[in-house]
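Summary of structural features
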Amino acid sequence: MKKVVITGMGIVSPVGTGLEYAWKNILAGKSGIRKIDEFDASDLACQIAGVPVRGTEPGEYNPDAVVELRDQRKMDKCILYGVVAADEAVRDAGLDTYDGDKERIGVSIGSGIGGLNTIYENCVELSDNGPRHISPFFIPKCIINMTAGHVSIKYGFKGPNVSLVTACATGAHSIGEGVRLIQHGDADIMVCGGCEGAVGKIGVAGFAAMKALSTRNDEPTKASRPWDKGRDGFIMAEGAGVLVLEEYEHAKARGAKIYGEIAGYGLSGDAHHITAPAPDGEGGKRAMIAALNDAGLKPSDVDYINAHGTSTGLGDLGELAAVKDLFAGTNACMSSTKSMTGHLLGAAGAVEAIFCTLAIRDGIVPATINLDDPVDEVGDFDLVPHKAKKRDVKVALSNSFGFGGTNASLLIKKVD
């Protein structure tokens, strides 16, 4: 089977835009959760979210540097996040100056929800002013596959062009399927990841109606607290994560920088409930086992697990039970970077795969912040509370689970 490696990465997130800026803040335990000021959230149960800080300073989200204003008007913010993250990843991989066969470069970027705010705004426009006021860009501005479309058009990538939608597992599935396209010979390089821009009145109201969100509105930076007894729901966040995946020999031949290998990919279904995970995390456990089997590795080979860890009552406990069972007797530790970023929904899996890759590169694992009073089920399992810690990470596992019972696990391995 062909070896698939990571040769470029890009990120837009609540803790920073740009790989090194976001990673620096993650290692510092800095929360990106704040009061919502993009719209009036005063009548919502949840009034906080994780939204990239827009500006022109290093580490701030500046789409004007990547996409012309006239083209931005054709993109929902979800798509724009994805294009900005992809631009960093493409440049990081050296594909912006690549003169090889672009029919062998594909794109696999998905979203869990897509252009929700664009849909909402046009529904209001239709209701208030009639159909003549609907923009001709309405549909292409919001449909989920247009992020991959824009990236393909921008760089002339003519290989496979696909977009997956698997709720909060979208980013991880997009990476895993990109790996398989390379392994099956459909491409030499795949630009893969997830994007999300659903923090808006309709999105927050919808998740709040499910009682899924935290209402710790007076303490935004403390609201996302996976495995803590005081957790009361997740925090919506938005942004994008994009990775350039490449067949190993192809990457070596062009002298590409190699961050690590996507060594294993596992996926499964809970067949349990439309929103709630199986209480014992059985579906997620099967995805983790499938990823280990795909990589030819054992649980004892895994050094670090980046959890789905959203800060919900059932989800946290199910994943913890599955991980403790599967990794019993090993030295693996686990943390949730969602304690700092919030939950980026369809972008989460890609963003967290990036954090796993950087943990391998730098020999340090990020913390779970706000873990002040762990649930009793934690026991002595190391959830890396409060502070990042040095650790030689050769193999990292990233978990992503979504509504409908969809699960994905990625195993990322140091390349010797």
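Given the structure is predicted, the values throughout are model-derived calculations rather than measurements.

Looking only at helices and strands, one finds 13 helices and 15 strands in the chain. Against the compact-globule benchmark of 22 Å for 416 residues, the chain has a radius of gyration of 20 Å, which places it among compact chains. Taking the principal axes of its C-alpha atoms as reference, the chain extends roughly 65 × 55 × 40 Å. In the chain, 78% of the contacts between residues at least 6 apart in sequence involve partners at least 24 apart. In the form shown here, the chain has an accessible surface area of approximately 15800 Å², with 52% of it arising from carbon and sulfur atoms. Distance between charge centroids for the chain: 2 Å, based on 42 positive and 53 negative side chains.

You can see Gln72 is positioned in helix 2 (residues 69-72). With a relative accessible area of 11%, Gln72 lands in the buried category. At a separation of 2.9 Å, a polar atom in the side chain of Gln72 contacts the side chain of Asp64. Once you skip the residues sitting within four places of it in the chain, Gln72 turns out to touch Arg54, Pro63, Asp64, Val67 and Leu80.

A few words on the layout of surface pockets. The computed volume of the largest pocket comes to approximately 600 Å³. Residue lining of the largest pocket: 36 residues in total, with Thr275, Pro277, Thr312, Gly315 and Phe403 positioned closest to the centre. Counting residues per element, the lining of the largest pocket draws most heavily on helix 11 (residues 313-326), which supplies six residues. When grouped by side-chain class, the residues that make up the lining of the largest pocket number eleven nonpolar, 18 polar and seven charged. Counted as a void, the second largest pocket has a volume near 300 Å³.

Among the surface-exposed residues, Tyr120, Val124 and Ile202 lie close enough to one another that they form a single nonpolar patch of about 220 Å² accessible area. With respect to the helices, strands and loops of the structure, Ile202 is situated in helix 8 (residues 201-209).

With that out of the way, let us pick up the packing of helix 7 (residues 170-183) against helix 13 (residues 348-362). Between helix 7 and helix 13, the least distance of the axes is 5 Å, while the angle of their chain directions is 70°. In terms of their interaxial angle, helix 7 and helix 13 are classed as roughly perpendicular. Here Gly171, Ala172 and Ile175 of helix 7 lie close against helix 13, whose contacting residues are Gly349, Ala350 and Ala353. By residue class, the composition of the contact of helix 7 with helix 13 is four nonpolar, two polar and no charged.

For helix 3 (residues 77-92), with 16 residues, the first-to-last C-alpha span of 23 Å sits near the 22 Å given by 1.5 Å per residue. Of all 16 residues in helix 3, twelve are buried; the element is thus mostly enclosed. For helix 3, the N-terminal cap is Asp76; the gap from its side-chain oxygen to the backbone nitrogen of Cys78 is 2.8 Å. Immediately beyond the C-terminal end of helix 3, within one or two residues, lies Gly94, with a positive phi of roughly 75°.

Take the nonpolar core next. In terms of nonpolar packing, the biggest core is built from 53 residues, with Val151, Phe157 and Met236 touching the most fellow members. If one sorts the elements of this core by residue count, helix 3 sits on top with ten residues. The residues touching Phe157, leaving out its near neighbours within four places in the chain, are Val90, Leu95, Lys102, Ile105, Val107, Val151, Ser152 and Val191. Core analysis: the next-biggest nonpolar cluster, separate from the first, contains 49 residues, Ile262, Leu344, Ala367 and Ile412 among them.

Glancing now at the pairing of strand 8 (residues 239-247). For strand 8, the buried fraction is high: nine of the nine residues fall into the buried class. The side-chain alternation of strand 8 yields two buried faces, one formed by Gly239, Gly241, Leu243, Leu245 and Glu247 and the other by Ala240, Val242, Val244 and Glu246. Bridging between strand 7 (residues 189-196) and strand 8 involves eight bridges; their strand directions are antiparallel. Pairing of Cys192 across the sheet is with Leu243, part of strand 8.

What follows deals with the environment of Tyr61. In this fold, Tyr61 is placed in the loop between strand 4 (48-50) and helix 2. Note: C-alpha distance between Tyr61 and Ala388 (327 residues apart in sequence) is 25 Å.

Now for the state of the cysteines. All chains considered together, the criterion is met by zero disulfides. This cysteine, Cys142, is not joined by any disulfide, and Cys123 carries the nearest cysteine sulfur, 9.4 Å off. Note on Cys142: relative accessible area 8%, which makes it buried.

So, on to the pairing of strand 5 (residues 105-110). Counted residue by residue, strand 5 has six buried out of six residues, so it is predominantly covered. Of the two faces of strand 5, the one lined by Ile105, Val107 and Ile109 and the one lined by Gly106, Ser108 and Gly110 are each fully buried. When strand 5 meets strand 7, the two strands line up parallel, connected through six bridges. Of the residues in strand 7, the one forming a bridge with Gly106 is Met190. When strand 5 meets strand 6 (residues 161-162), the two strands line up parallel, connected through two bridges. Bridge pairing in strand 6 links Ser108 to Val162.

Thresholds applied
Residues numbered from 1 in each chain as written. Predicted model: local features only at pLDDT ≥ 70, side-chain atom pairs only at ≥ 80, totals over all residues. Heavy atoms only, no water. Helix = DSSP H or I, 4+ residues; strand = E, 2+ residues; numbered from the N terminus. Rg over C-alpha atoms; globule rule 2.2 N^0.38 Å. Contact = heavy atoms within 4.5 Å. Areas by Shrake-Rupley, 256 points an atom, 1.4 Å probe, with all protein chains shown as cover. Lys, Arg positive; Asp, Glu negative; His and termini not counted. Charge placed at Lys NZ, Arg CZ, Asp CG, Glu CD. Buried < 20%, exposed > 50% of the residue type's maximum accessible area, 1.4 Å probe, protein only. Polar contact = N/O pair within 3.5 Å; in protein donor to acceptor, adjacent residues only side chain to side chain. 1 Å grid on protein atoms, 1.4 Å probe; cavity = no way out; pocket = protein on both sides within 12 Å on 5 of 7 lines; lining within 4 Å. Points joined across faces, edges and corners; volume = space filled by probe spheres on them. Nonpolar A, V, L, I, M, F, W, Y, C, P; charged D, E, K, R; others polar. Patch = residues over 30% accessible without salt bridge, like charges linked within 9 Å, V, L, I, M, F, W, Y side chains within 5 Å. Salt bridge = Lys/Arg side-chain N within 4 Å of Asp/Glu carboxyl O. Axes fitted to C-alpha atoms, helices over the stretch in contact; angles between N-to-C directions. Parallel < 35°, antiparallel > 145°, perpendicular 65-115°, else oblique. Expected span 1.5 Å × (residues − 1). Core = buried A, V, L, I, M, F, W, Y, C linked by side-chain atoms within 4.5 Å. Pairing = 2+ DSSP bridges. Disulfide = S-S within 2.5 Å.

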